[in-house]
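Structural characterization, general
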Amino acid sequence: MQTIEQALSKLEKSKFRSSFHLGKKQIEYIDKIGMDKIRSHARDFVKTRLAPAHPKNDGRQTPMRGHPVFIAQHATGCCCRGCLEKWYKIKQGTELTEIQQEKIVNLIMAWIEKQMPS
């Protein structure tokens, strides 16, 4: 089991994954609603769009832009079940446990926190 830091380091080496960054609008949105609300959104998105064994529109369920969590999902390889299997060896076709969901949310939030200006 890799740590969040190890996962983020590995993702930074991917040309595609490292191309994602939060823009001014996303940073302003986070500043406006706060990190607790962003975490709540991340939990909801992971639970409804990623956790089911066979998510609706799997492979296309996470938009590439807009909400900061969507951008973070692509940056962290947590956007669809295929990417979860490729990056984290989480088999497709099985429902994610609550522990797996929370680990995914923690990774997403760590990425978002690194993107925020100091």
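This text goes with the structure placed above it.
This report concerns the structure included in the present document. All figures in this text were calculated on a predicted structure; none of them were measured in a lab.

Let us look at the overall build of the chain. A count of helices and strands for the chain gives 6 helices and 0 strands. The C-alpha radius of gyration of the chain comes to 13 Å, within 12% of the 13 Å expected for a compact globule of 118 residues. Taken along its principal axes, the extent of the C-alpha atoms in the chain is 40 × 30 × 25 Å. Per-residue burial over the chain gives 43% buried out of 118 residues. Excluding contacts between residues fewer than 6 apart, the proportion of contacts in the chain whose partners are at least 24 apart in sequence is 68%.

Time to look at the pattern of salt bridges. Once their charged atoms are close, side chains differing in charge can pair, the charge on each being opposite to the other. This structure, assessed with the given rule, holds 3 salt bridges. Of the charged contacts, one joins R39 and E102 as a salt bridge, the two residues approaching to 3.7 Å between their closest N and O atoms. Placement of R39 in helix α3 (residues 35–50) and of E102 in helix α6 (residues 98–115) is noted, with a sequence separation of 63 residues between them. Residue class for R39 comes out partly exposed when judged on its relative accessible area of 21%. For R43, the salt bridge is made with E102, and the minimal N-O distance between the two is 3.1 Å. On the criterion of sequence distance, the pair formed by R43 in helix α3 and E102 in helix α6 is long-range, its members being 59 residues apart. Linked through salt bridges whose partners overlap, the residues forming this network are R39, R43 and E102.

Time to look at helix α5 (residues 81–88). Here α5 has its buried residues at R81, C83, L84, W87 and Y88. Taken end-on, α5 shows its buried residues confined to a sector of 155°, consistent with a single buried face. Turning to α5, the residues buried within the fold contact α1 (4–12), α3 and α6. Backbone geometry just downstream of α5 places K89 in the positive-phi region, at approximately 60°.

Conventions used here
- Residues numbered from 1 in each chain as written.
- Predicted model: local features only at pLDDT ≥ 70, side-chain atom pairs only at ≥ 80, totals over all residues.
- Heavy atoms only, no water.
- Helix = DSSP H or I, 4+ residues; strand = E, 2+ residues; numbered from the N terminus.
- Rg over C-alpha atoms; globule rule 2.2 N^0.38 Å.
- Buried < 20%, exposed > 50% of the residue type's maximum accessible area, 1.4 Å probe, protein only.
- Contact = heavy atoms within 4.5 Å.
- Salt bridge = Lys/Arg side-chain N within 4 Å of Asp/Glu carboxyl O.
- Arc of directions from axis to C-beta.

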